[in-house]
Amino acid sequence: MKQKVAVLTGAGISAESGIKTFRDSNGLWEEHRVEDVASPEGWARDKNLVLEFYNQRRRQLLQCRPNRAHIALAELEQKFDVTVVTQNVDDLHERGCSSNIIHLHGELLKMRSSLDENLIYSCTGDIKVGDKCEKGSQLRPHIVWFGEAVPKIEEAVEVVRQADILIVIGTSLVVY
């Protein structure tokens, strides 16, 4: 039986691929207030600003490629039972060929209903005010904002609890 490896990744693993981090100098939080673009209150105040912020992130992501670290984690699956628990909202672990990934903070290439978080759709283009799900509610990025519950946290805790080996890459662990 293969040993279980849990890998916790943060923004640092994707920085080499060209994804801007949030907390570094010149990071995204220096350009925008968290409250304005990553909270339910910011969404309520200015949907256009929030949507444009994530539309820009999505456009940037589509220009990036997985780096050697993403690929190396996928290669670990040859010898270990690997689960990647990522704080990142990019899809670089998927494109790097990891097969078991838990996205704690959502996924940039998805959108969801603003009223029913279970209505989730693929999204590779821009989301605009007026774009609605089949139930008539505004679509929003499928991102866990500050102040919102982290739906997959219990699953991630269980993966880490059962792991024989824990690897932490590219995170300050300054989040929930």
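Our structure's up above, just so we're on the same page.
Rules of the game
- Residues numbered from 1 in each chain as written.
- Predicted model: local features only at pLDDT ≥ 70, side-chain atom pairs only at ≥ 80, totals over all residues.
- Heavy atoms only, no water.
- Helix = DSSP H or I, 4+ residues; strand = E, 2+ residues; numbered from the N terminus.
- Buried < 20%, exposed > 50% of the residue type's maximum accessible area, 1.4 Å probe, protein only.
- Lys, Arg positive; Asp, Glu negative; His and termini not counted.
- Salt bridge = Lys/Arg side-chain N within 4 Å of Asp/Glu carboxyl O.
- Polar contact = N/O pair within 3.5 Å; in protein donor to acceptor, adjacent residues only side chain to side chain.
- Contact = heavy atoms within 4.5 Å.
- Expected span 1.5 Å × (residues − 1).

A. Main features of unusual backbone geometry. Phi is positive for Cys97, which is not a glycine, with a value near 85 degrees. With respect to the helices, strands and loops of the structure, Cys97 is situated in the loop between helix H7 (92-95) and strand S3 (101-103). For Cys97, a relative accessible area of 59% corresponds to the exposed category.

B. Layout of the side chain of Glu77. Here Glu77 lies in the loop between helix H6 (68-75) and strand S2 (81-86). The charged side chain of Glu77 is buried without a salt bridge, its nearest counter-charge being Lys2 at 7.4 Å. Here Ser99 takes part through its side chain, which lies 2.7 Å from a polar atom of the side chain of Glu77. If sequence neighbours within four positions are ignored, Glu77 has contacts with Lys2, Val82, Cys97, Ser98, Ser99 and Asn100.

C. Just helix H5 (residues 47-62), in detail. The terminal C-alpha atoms of H5, which comprises 16 residues, lie 22 Å apart, in line with the 22 Å expected from a rise of 1.5 Å per residue. Residues of H5 that are buried: Val50, Leu51, Phe53, Tyr54, Asn55, Arg57, Arg58, Gln60 and Leu61.

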